[in-house]
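Each chain is listed here by its residues.
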Amino acid sequence: MASEPETVPVSGGAAAGSRPAPVPARTVASGAQPAPVPETAPVSGSAAPGSGRDVSVSGGDVSVSGRAVAASDRTGSVPKHERVPVPEPVLVRVPVDGANLATTVQLPGGEGPFPAVVLRTPYDRRSHRDEARAWAAKGFAAVVQDVRGRYASDGDWQPYRHEEADSAATLRWVRGRSWSDGRVVAAGSSYAAHCALAAVGDGDPRSRPDAVIAAVPALGLAETARETGGVERLSARAGWWAAHGDRPDSDTAALDKALACDPRLLEHLPLVRLPERLGRTLPSWPGLWAAPHRPTPAPRAPIPLLAVGGTRDPFADDTLRLWLNWAGPARLLVGPWGHGLTSEPAPEARPGHRTRLGALYARWARAALDGALRHERRGAVALGGSEHWYPAPPGTGERTAWPFGVPSGLRLLQGETFVADPEQPVRSDDLSVERRDVPDRALLVTPPLPRPLDLFGAAEAELCATAATPTADWAVRVVALDPDGRARPLATGIVRRSDPAGEESRLRVPLGLVAHRLPAGTRLRVEVAGHHFPAHARNPHTGDDPVHATRLTASRRTLRPAGSSLLLPVARGCRPIDPVQETCS
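These numbers come from a predicted model, not from an experiment.

### Some words on the pairing of strand β20 (residues 472-481)
A large share of β20 lies buried, amounting to 10 of its 10 residues. Relative to strand β21 (residues 487-497), β20 runs antiparallel, the two sharing 10 bridges. Its bridge partner lying in β21, V476 is registered against G493. Between β20 and β21, which follow one another and run antiparallel, lie five residues, and G485 among them has a positive phi close to 100 degrees.

Laid out in structure tokens, this is it:
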């Protein structure tokens, strides 16, 4: 196969809000190793998906630059490539249709050719410098690329539009290098996970990866914009678009700064005009809410997958769905983490959940490329509040019903009838419950648990309920009340319904994966409300689309306890496992 030429521009940073200026480039002979070009590396970090800051695919777990990995990260003898100093990275431009993409290549020390790890990101490839060196220390050529229109890559930045073609072109380019042995792992977290998955269905074997690591995947416009129940994810999408939308670089604090100036920023209507209140143009913002759903990524060949997520990550359901629907060897790792993985541990994380993700990824990648993974679906999920990992549940599993309205189940404290008023919505960022003459939610609570309880699997609420408006959102939040009185969120779900006004309906509200050990004395509090703001947009109850609505009205609700229940996945007979062994074999 003929190799495309490489170009090596002079490296340099760009001022905030501006695109790096084009620079002269020299052409390197096909297949030759380009001369080193120094690159600046900004301090990397992690943040929640609302801010949109990229997280390391290894969750912040990287080796110290330029040094062999620690002895605790190795087993047996030290491979030769780990004893050879890692050379400096080089900057090249990869030609794709209509653009040239800035790409850092970090080769291992010693003689090639090498397997490659490709990470394509919209959040500045330079923030992955340490991660690239850690991969190189493990014997992989690390290829880290700014996606089209971001940072040093030219072209137009249109989220999710060009990644299939650009990913395929980049993989072909990698396989054409003299340092490549032809085997490629595509890896990434959040938006970069979508980039890693983008080419798996390509018909050309040269254009698709041999293995994929997809962490906390943000799988598409529609997939990130709405819950599976149809409700808009407001604050997270506003934060991401304010930080990254329609600009070549990022301002991760953009939404926070706007909220500091106007704390009611997300309350103004219509939501489609939010960019005007942010003080800059965002022409792609309306299209976010009109985007159609994408099919779940499906490999053309039985490509191995490692799906990684956190029980506190808003995209946890997408991680599980990806793993469950994957046709090739599929492995899953879910810890008690947020969107930042190990850099964002949840309160229920314990020392037994500390995981060297970088070492695990390298071990998994070797096994995947060597054909050592059995063709089956396996994985490990951490049980928060304990020291254990359990085998990943293959589906819904066995669940125990906690009926509403009975002393031994969930006793109703208030709100058999309540009013969901979008002018005074139940807030997602406040676990306190204010006493009102007219309740704004139904509130139920269990007796204290007589013994510890392990919850492990998918939770759900079944409701018998009535809304006085033809459209209504139903939000269910489960809170664990510790024996010392602290309230901790356990599970949340929200769905949109369009049932005949005033007519009782039976509905299910999925609450997602729960993996938590509750100590004796814990009480469970269940809230049933009509809003979960600002995490989710307010239903105006007028029949108008919440993104374009300009008028709000209250909705009177009735919850019938008889026939309503909370379904919890109570774990029985689970044996702890080693998460590394479970995912890498």
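That shown, we press on.
### Overview of the packing of aromatic side chains
A complete count under the given rule lists 10 aromatic pairs for this structure. Seen in terms of ring centroids, Y160 and Y191 are 4.7 Å apart; in terms of plane orientation they differ by 55 degrees. Their pairing is tilted. Of this pair, Y160 sits in the loop between β6 (141-146) and α2 (163-175) while Y191 sits in helix α3 (residues 191-197), and the two are 31 residues apart along the sequence. A relative accessible area of 1% places Y191 in the buried class. Pairing Y191 with W240 gives two aromatic rings, centres 6.3 Å apart and planes at 20 degrees, and the pair type is stacked.

### What to know about the nonpolar core
F404, L463, W474, L511, V526, V528 and L566 are the most contacted members of the largest nonpolar core, which has 35 residues in total. Looking at this core, the elements with two or more residues in it are β17 (417-420), β18 (442-445), β19 (453-467), β20, β21, β22 (505-518), β23 (523-529) and β25 (565-568). Top contributing element to this core by residue count: β19, with seven residues. Among the nonpolar cores identified, the runner-up in size contains 33 residues, and A132, A211, A215 and A367 belong to it.

### A look at the confidence of the model for the protein
Residues of the protein with pLDDT of at least 70 account for 85%, and the chain-wide mean is 88. Every residue in residues 59-78 scores below 50 in pLDDT, and together they form 32 contacts with partners more than four places removed in sequence or on other chains.

### Observations regarding the environment of R177
Summarising the element assignment, R177 is placed in the loop between α2 and β7 (180-189). You can call R177 buried: its relative accessible area is 3%. Through-space distance from the C-alpha of R177 to that of P113 is 9.0 Å; in sequence the pair is 64 residues apart.

### So, the pairing of strand β5 (residues 114-121)
For β5, the tally of buried residues reaches eight of eight residues, placing the bulk of the element in the interior. Pairing of β5 with β7, which is carried by four bridges, proceeds in the parallel orientation. Bridge assignment links F114 to a residue of β7, and that residue is S180. Across six bridges, the pairing between β5 and β6 is parallel. Note that in β6 the partner of V118 across the bridge is V143. A crossover connection joins β5 to the parallel β6 through helix α1 (residues 129-137); in handedness this β-α-β unit is right-handed.

Conventions adopted
- Residues numbered from 1 in each chain as written.
- Predicted model: local features only at pLDDT ≥ 70, side-chain atom pairs only at ≥ 80, totals over all residues.
- Heavy atoms only, no water.
- Buried < 20%, exposed > 50% of the residue type's maximum accessible area, 1.4 Å probe, protein only.
- Helix = DSSP H or I, 4+ residues; strand = E, 2+ residues; numbered from the N terminus.
- Pairing = 2+ DSSP bridges.
- Phe/Tyr/Trp six-rings, centres within 6.5 Å; stacked < 30°, edge-to-face > 60°.
- Core = buried A, V, L, I, M, F, W, Y, C linked by side-chain atoms within 4.5 Å.
- pLDDT = per-residue confidence, 0-100.
- Contact = heavy atoms within 4.5 Å.
- Right-handed = clockwise from strand over helix to strand, strands pointing away.

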